[in-house]
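# Structural overview
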Protein chains: 2
Amino acid sequence: MEKWFEEKGNFSDVVISSRVRLARNLREYPFSTRMSAEGAASLVNEVMGQLSGLTDSDGVFYFCNLSKLSKAERIAMMERHVLSPQIVNKKQETGLIVSKNESLSIMVNEEDHLRIQGMAGGMHIEKAFQLANEIDDIASSKMEFAFDEKYGYLTTCPTNVGTGLRASYMVFLPALSAAGKLKLLSEELNKYGITLRGMYGEGSEGTVNIYQISNQKTLGNKEQEIIDNLNNIVLQVIRQERKRREYVLMNNYDIIEDQIYRSYGVLKYARQINTKDAMTLLSQIKFGFDTGILKSQNKEDNIFRLMMEIQPYNLLQREGKMLGNIQRDKIRAEYIRTMLPIL
Amino acid sequence: MEKWFEEKGNFSDVVISSRVRLARNLREYPFSTRMSAEGAASLVNEVMGQLSGLTDSDGVFYFCNLSKLSKAERIAMMERHVLSPQIVNKKQETGLIVSKNESLSIMVNEEDHLRIQGMAGGMHIEKAFQLANEIDDIASSKMEFAFDEKYGYLTTCPTNVGTGLRASYMVFLPALSAAGKLKLLSEELNKYGITLRGMYGEGSEGTVNIYQISNQKTLGNKEQEIIDNLNNIVLQVIRQERKRREYVLMNNYDIIEDQIYRSYGVLKYARQINTKDAMTLLSQIKFGFDTGILKSQNKEDNIFRLMMEIQPYNLLQREGKMLGNIQRDKIRAEYIRTMLPIL
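Residues numbered from 1 in each chain as written. Chains lettered and ligands numbered in written order. Predicted model: local features only at pLDDT ≥ 70, side-chain atom pairs only at ≥ 80, totals over all residues. Heavy atoms only, no water.

Where an unreviewed UniProt entry is consulted, chain A appears under the name Protein arginine kinase, with the organism given as Velocimicrobium porci. One UniProt comment on chain A, placed under Sequence similarities (unreviewed entry), says "Belongs to the ATP:guanido phosphotransferase family." (UniProt positions renumbered as here; feature names shortened; annotations may be inferred.)

Structure, rendered in structure tokens:
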């Protein structure tokens, strides 16, 4: 089954994917921070039962209690952005409902009772919103959500009160990043209630140049306003990133071209490679494909997909067995050699 | 025309080439250190005249006054070890007689009046000696050399007095070099009157791992004794290098294999590369081919040949025009991409 991140979309030179998540809580249960172990088990049981049989055009969703999955399986899903770090590490009973291509998922008993998440490749936040919204409609027809006429949806963390909606884009900003412009950009975005974080949240910025841009607050805003505001900001970020790319390519084309090709060469021939080095080099060649410096013979140049697939636990899952670090680095190198677009 | 370094020979995993040079001086001319400009011109004229028409199976030798060549052409020949740095920079009239494949050459008015040089790929010092010897016989039948019954051939520098013979091997010592064993080895060789120097003489050791091993003194030794002594020493060096290679490959095969393949990948895809980086990477992949880690589909894996061809002035000569540094680095990268053995 293809995953959501295997499709590319609008503005795909900068925007990798779009995501909307809705935070919902059942009126009859206390917030997760004040919930007993028994309460948690009962909550998960109720939500899974109420939503059982959920389908989309690909068929029935996958339902599971996360305690039934191995830690490796849970981390693999976190690497693919289906699960959050919080739920992966949570001791209480938790649940997951997810569509086959993983574009739609519901985490049960994360920070809120339900976290409904819609994802789409490229700049398609409306599609992601629609996916989440449909599930929200179904869920609210079966369960009573904690809702206040004045404040809107009630959530564990006050920042989510209101629409409970967080919209976010995953963006690729190698040029702005190399120019050291991201700190300033982040401060600028904050003024508009927008946050810039690393690919896997705070502290994951590194050399991969992939960032998440999302709204900070949900109170006092209509859903469409939140999305429109974020879209306006992201379009400006796209413009800035493209402008900076043009500038660096005009001034340093030869050096950048050489760097990108060397990165390609290393990935094409390395016999073992760790995640960090692979991500750094893949970021380089993603830049190459996105700017047209590299051209693929086989029209398949979704480097982000490869970035997901070579994450440690996704690699283990594909292999179907536990591996030591060196063995994993060898398999990663081999996988990249095989999957790298042919020039 | 193929050059001498395009053939590979015995022990080619360690020994790149063999060289013998004979220092000879004409009795009727003062040593070069005490020669006037007119004397130098006259000497060059006389030697070139006496040896004119010299041939081997490939045809007539190439004769030229070096002042007629551009500096670039002279340096290109130095890069190929046909000319010495001394003669390239000499102000006085100097000459060169060289066979088409450059395995045989005579520098006229270098440090001595004649420096006859025979070269062969691999461990074939006898072949190199024979080549030089035949020319020596021809030359001595036409000119009277400065010779003393007691001391032998008289030369400008006392270390060359006697046979006037210097035999040397160009050797590839990546494993001993990486192990930091070369200082000790060099001291050890000195005890036997043998010198270890970089590929292009003192100070050219770098990361290329190519060294020259040659006899220091020629006085009081018969020619065959010098050669036998050197051969014995070099066979021991070969043994040590091979032993060390086995050791490092047994202990670090995965890491070394990965390094070599990455170097190959960089060379296969780089868009511009300077001489130093190219030599370092080529040294890595020469090690790969020599140890069988890399295998060429097209059976052509003479990396040393490529090392010669990508030297700055050889590259210019091939291109047939002067180039700026960046342009040259681009052409070097392109040439390497084309010529690199296919795996």
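From this point, the discussion proceeds with the structure in view.
All names here are of chain A. With respect to topology, 8 strands assemble into an open sheet ordered β4-β5-β6-β7-β1-β10-β12-β11, the strand pairing being antiparallel. Unpaired on one side and paired on the other, β4 (62–65) and β11 (194–198) mark the two borders of the sheet. The mean inter-strand angle of the sheet, taken between neighbouring strand axes irrespective of direction, is 20°. With 8 bridges joining them, strand β1 (residues 15–24) and strand β7 (residues 114–121) adopt antiparallel strand pairing. Considered in β7, the bridge of A23 is made with R115. Where helix α4 (residues 125–142) meets the sheet, it contacts β1, β6 (104–108), β7 and β10 (165–172), and its direction lies at approximately 20° from that of β1. (Pairing = 2+ DSSP bridges. Helix = DSSP H or I, 4+ residues; strand = E, 2+ residues; numbered from the N terminus. Axes fitted to C-alpha atoms, helices over the stretch in contact; angles between N-to-C directions. Contact = heavy atoms within 4.5 Å.)

For soluble globular proteins, the rule of thumb is that nonpolar side chains tend to be buried together. Grouped together as the largest cluster of nonpolar side chains are 80 residues, with contacts concentrated most on A:I210, A:L282, A:I285, B:I210, B:L282 and B:I285. Setting aside its immediate chain neighbours within four residues, A:L282 contacts A:L267, A:I303, A:L306, A:M307, A:I310 and A:L340. (Core = buried A, V, L, I, M, F, W, Y, C linked by side-chain atoms within 4.5 Å. Buried < 20%, exposed > 50% of the residue type's maximum accessible area, 1.4 Å probe, protein only.)

Here we take up the relation of the copies chain B and chain A. Rotating chain B by 180° about the axis while translating it 0.0 Å along that axis superimposes it on chain A, leaving an RMSD of 0.0 Å. The operation mapping one copy onto its partner corresponds to a two-fold rotation axis. Residues of chain B ranked by C-alpha distance from the rotation axis are headed by B:G265, positioned 2.0 Å from it. (Least-squares fit on C-alpha atoms with pLDDT ≥ 70 in both.)

One pass over the structure, following the stated rule, counts 5 aromatic pairs over all chains. An angle of 70° between the planes, with centres 4.9 Å apart, marks the rings of A:F147 and A:Y153 as edge-to-face. Judged by its relative accessible area of 36%, A:F147 is partly exposed. Taken together, the aromatic side chains of A:F145, A:F147 and A:Y153 make up a single cluster linked through ring pairs. Taking NZ or CZ as reference, B:R328 lies 5.8 Å from the ring centre of B:Y313, over its face. (Phe/Tyr/Trp six-rings, centres within 6.5 Å; stacked < 30°, edge-to-face > 60°. Lys NZ or Arg CZ within 6 Å of the ring centre and 35° of its normal.)

Residue and element names in this part refer to chain A. Turning to helix α6 (residues 182–191), its buried residues number three or more, namely L182, L185, S186 and L189. Along the long axis of α6, the arc covered by the buried residues comes to 100°, so they all point the same way. When the buried face of α6 is taken as reference, the exposed residues oriented beyond 90 degrees from it are K183, L184 and K191. Contact partners of the buried residues in α6: α5 (174–178), β11, β12 (210–215) and α7 (223–269). Directly after α6, the chain includes G193, whose backbone phi takes a positive value near 75°. (Arc of directions from axis to C-beta.)

What follows covers the sheet that holds strand β4 (residues 62–65) of chain B. Residues and elements named next belong to chain B. With antiparallel pairing, the 8 strands of this open sheet are ordered in space as β4-β5-β6-β7-β1-β10-β12-β11. Since the sheet does not close on itself, it has two edges, and those belong to β4 and β11 (194–198), each with one partner. Ignoring strand direction, the axes of neighbouring strands in this sheet form an average angle of 20°. Packed onto the sheet, helix α7 (residues 223–269) meets β1 (15–24), β10 (165–172), β11 and β12 (210–215) and runs at close to 10° relative to β10.

What follows is about the packing of helix α10 (residues 312–319) of chain B against helix α11 (residues 325–339) of chain B. Axes are the key here: two packed helices are described by the angle between their axes and the distance separating the axes. Residues and elements named next belong to chain B. At their nearest, the axes of α10 and α11 sit 10 Å apart, and the two run at 80° to each other. In this view, α10 runs roughly perpendicular relative to α11, as classed from their interaxial angle. Residues P312, L315, L316, R318 and E319 of α10 pack against R328, I331, R332 and Y335 of α11. Of the residues contributing to the contact of α10 with α11, the split by class is 5 nonpolar, no polar and 4 charged. (Parallel < 35°, antiparallel > 145°, perpendicular 65-115°, else oblique. Nonpolar A, V, L, I, M, F, W, Y, C, P; charged D, E, K, R; others polar.)

Time to look at helix α1 (residues 37–51) of chain B. Residue and element names in this part refer to chain B. An ideal rise of 1.5 Å per residue puts 21 Å on 15 residues; α1 measures up with 21 Å between its terminal C-alpha atoms. All buried positions along α1 are accounted for by G39, A40, L43, V44, V47, M48 and L51. Viewed along the axis of α1, the buried residues span an arc of 160°, placing them on a single side of the element. What points out from α1, more than 90 degrees from its buried face, is the exposed set E38 and N45. At its buried positions, α1 is contacted by β4, β5 (95–98), β6 (104–108), β7 (114–121) and α4 (125–142). Where α1 terminates, the next one or two residues include G53, which has phi positive at roughly 90°. (Expected span 1.5 Å × (residues − 1).)

Turning our eyes to something else, we now look at the interface of chain B and chain A. Each side of the interface is counted separately: chain B has 18 residues, and chain A has 18 residues. Taking both partners together, chain B and chain A bury about 1,600 Å²; carbon and sulfur atoms supply 59% of that area. By the criterion of area lost to chain A, the three top residues of chain B are B:R262, B:Y269 and B:R271, representing 39% of everything that side buries. Linking B:K330 and A:D254 is a salt bridge whose minimum nitrogen-to-oxygen distance equals 2.7 Å. If you look at where chain B meets chain A, you find 8 residue pairs in polar contact (both at pLDDT 80 or more). For the side of chain B that touches chain A, the secondary structure elements donating two or more residues are α7 and α11 of chain B. The element that contributes the greatest number of residues to the side of chain B that touches chain A is α7(B), accounting for 11 residues. Residues that form the side of chain B that touches chain A fall into these classes: 9 nonpolar, 2 polar and 7 charged. (Buried area = accessible area lost by both parts, 1.4 Å probe. Salt bridge = Lys/Arg side-chain N within 4 Å of Asp/Glu carboxyl O. Polar contact = N/O pair within 3.5 Å; in protein donor to acceptor, adjacent residues only side chain to side chain.)

A few words on the pattern of salt bridges. Applying the stated criterion across every chain yields a total of 32 salt bridges over all chains. A:D136 is the salt-bridge partner of A:R24, the closest N and O atoms lying 2.9 Å from each other. Residue A:R24 is located in strand β1, and its partner A:D136 is located in helix α4; the two are separated by 112 residues in the primary sequence. For the residue pair A:R24 and A:D136, the accessibility class agrees, reading buried in each case. Taking the shortest distance from any N to any O, the salt bridge between B:R245 and B:E241 comes out at 2.7 Å. Within this pair, B:R245 and its partner B:E241 are both found in helix α7, separated by 4 residues, close to a single helical turn.

On to unusual backbone geometry. Leaving glycine out, the prevailing phi sign among residues is negative, and the prevailing peptide bond configuration is trans. All names here are of chain B. For H81, which is not glycine, the phi dihedral falls at a positive 70°. In this structure, H81 sits in the loop between α2 (71–79) and α3 (85–88). In this model, N209 sits at a positive phi of 65°, which is unusual for a non-glycine residue. Examined against the element boundaries, N209 turns out to sit in the loop between β11 and β12.

Attention shifts here to the packing of α7(A) against helix α8 (residues 275–291) of chain A. All names here are of chain A. α8 packs onto α7 with a crossing angle of 130° between their chain directions and a minimal axis gap of 9 Å. Here α7 is positioned oblique relative to α8, judged by the angle of their axes. For α7 against α8, the interelement crossing comes out left-handed. Where α7 approaches α8, its residues R245, L249, I256, Q259, I260, S263, Y264, V266 and L267 are matched on the opposing element by A278, L281, L282, Q284, I285, F287, G288, D290 and T291. Per-class residue counts for the contact of α7 with α8 are 11 nonpolar, 5 polar and 2 charged. (Left-handed = near helix turned anticlockwise from the far one by under 90°.)

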